[in-house]
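So you can see what is in the structure, the chains are spelled out below.
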Amino acid sequence: MPYAFGTASRDHMKGVDPRMVKVLERAIQISPVDFKVIEGVRTPQRQKKLYAQGRTEPGQIVTWTLKSNHFVDPKTGFGRAVDLLPAPYDWKDPGQFDKMSRAMFEAARQVGVKIRWGADWDQDGKARERGESDSPHFELAL
Ligand SMILES: [Zn+2]
C-alpha cells in the first residue's frame, strides 16, 4: 500500500512549482518511508523571523541567509523548494532521510525533473560529507 499526502502536506504544496509537485506525487508512491511536506513557499517576512531565531530572538540558528529558494521565483511565479520530514521521524536515525531522498531522486528521474538535496549540495551521492545539515530541503535544480 503506497503512502499518500495528508491535508497539511497538500497545503504546503500550494504555490510550489508544478514540476516539484510532480516529483513529490511520484516520490510518495514509491517511497519505502512515509513523509510529510512541512514547508513550501516561504514569505520574506517568515524568512526574517527564521533568521532572527538564535540571533536576536531565542532559539537555535536555523538559517544562514535572508534569501531563500523557498521564496516565490519571480520568473515562474512559484516557489521551487520544499522541506520534507519522514514520518514518524527518529532524530537518531538519519537513515530515514536517506531512504526518502533516494525515493525523491528516483521519482525526479522518472518524471524528468532535476532536483538538489540540502544534505548533498555537490550531488555526489554522499550525504552530509561536508556537514551539510539541511536534510529536509529539496529544490528544483534550474
Ligand atoms: Zn528548505
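Provided above is the structure to which this section pertains.
Owing to the predicted nature of the structure, the values given are computational and were not obtained by experimental measurement.

Reading the values: the criteria
- Residues numbered from 1 in each chain as written.
- Predicted model: local features only at pLDDT ≥ 70, side-chain atom pairs only at ≥ 80, totals over all residues.
- Pairing = 2+ DSSP bridges.
- Helix = DSSP H or I, 4+ residues; strand = E, 2+ residues; numbered from the N terminus.
- Axes fitted to C-alpha atoms, helices over the stretch in contact; angles between N-to-C directions.
- Buried ≥ 20, exposed ≤ 12 C-beta atoms within 10 Å, placed from the backbone.
- Expected span 1.5 Å × (residues − 1).
- Contact = placed C-beta atoms within 7 Å.

A. Geometry of the sheet that holds strand E1 (residues 35-39). Overall, antiparallel pairing links the four strands, which are arranged E1-E4-E6-E5 in an open sheet. With partners counted over all chains shown, the strands left at the sheet margins are E1 and strand E5 (115-117), one partner each. The average angle at which neighbouring strand axes cross in this sheet is 35°, direction not considered. Of the strand pairs in this sheet, E5 and strand E6 (residues 137-140) are connected by three bridges, and their pairing is antiparallel. Within the sheet, the bridge partner assigned to Trp-117 lies in E6 and is Phe-138.

B. Layout of unusual backbone geometry. Residue Pro-88 follows Ala-87 across a cis peptide bond; omega there is -5°. Inspection of the secondary structure puts Pro-88 in the loop between strand E4 (81-86) and helix H4 (95-111). A positive phi angle is found at Gln-123, which is not glycine, with a value near 55°. Of the residues examined, Gln-123 has 12 C-beta atoms within 10 Å and is grouped as exposed. The backbone phi angle of Arg-128 is positive, close to 60°, even though this residue is not glycine. Here Arg-128 lies in the loop between E5 and E6. Residue class for Arg-128 comes out partly exposed when judged on the 15 C-beta atoms lying within 10 Å of it.

C. Summary view of H4. Over its 17 residues, H4 extends 24 Å from the first C-alpha to the last, a length consistent with the 24 Å expected when each residue adds 1.5 Å. Those residues of H4 not exposed but buried are Gln-96, Phe-97, Met-100, Ser-101, Ala-103, Met-104, Phe-105, Ala-107 and Ala-108. If you follow the buried residues of H4, they end up packed against helix H2 (18-30), E1, E4, E5 and E6. Directly beyond the C-terminal end of H4, a positive phi value near 75° is found at Gly-112.

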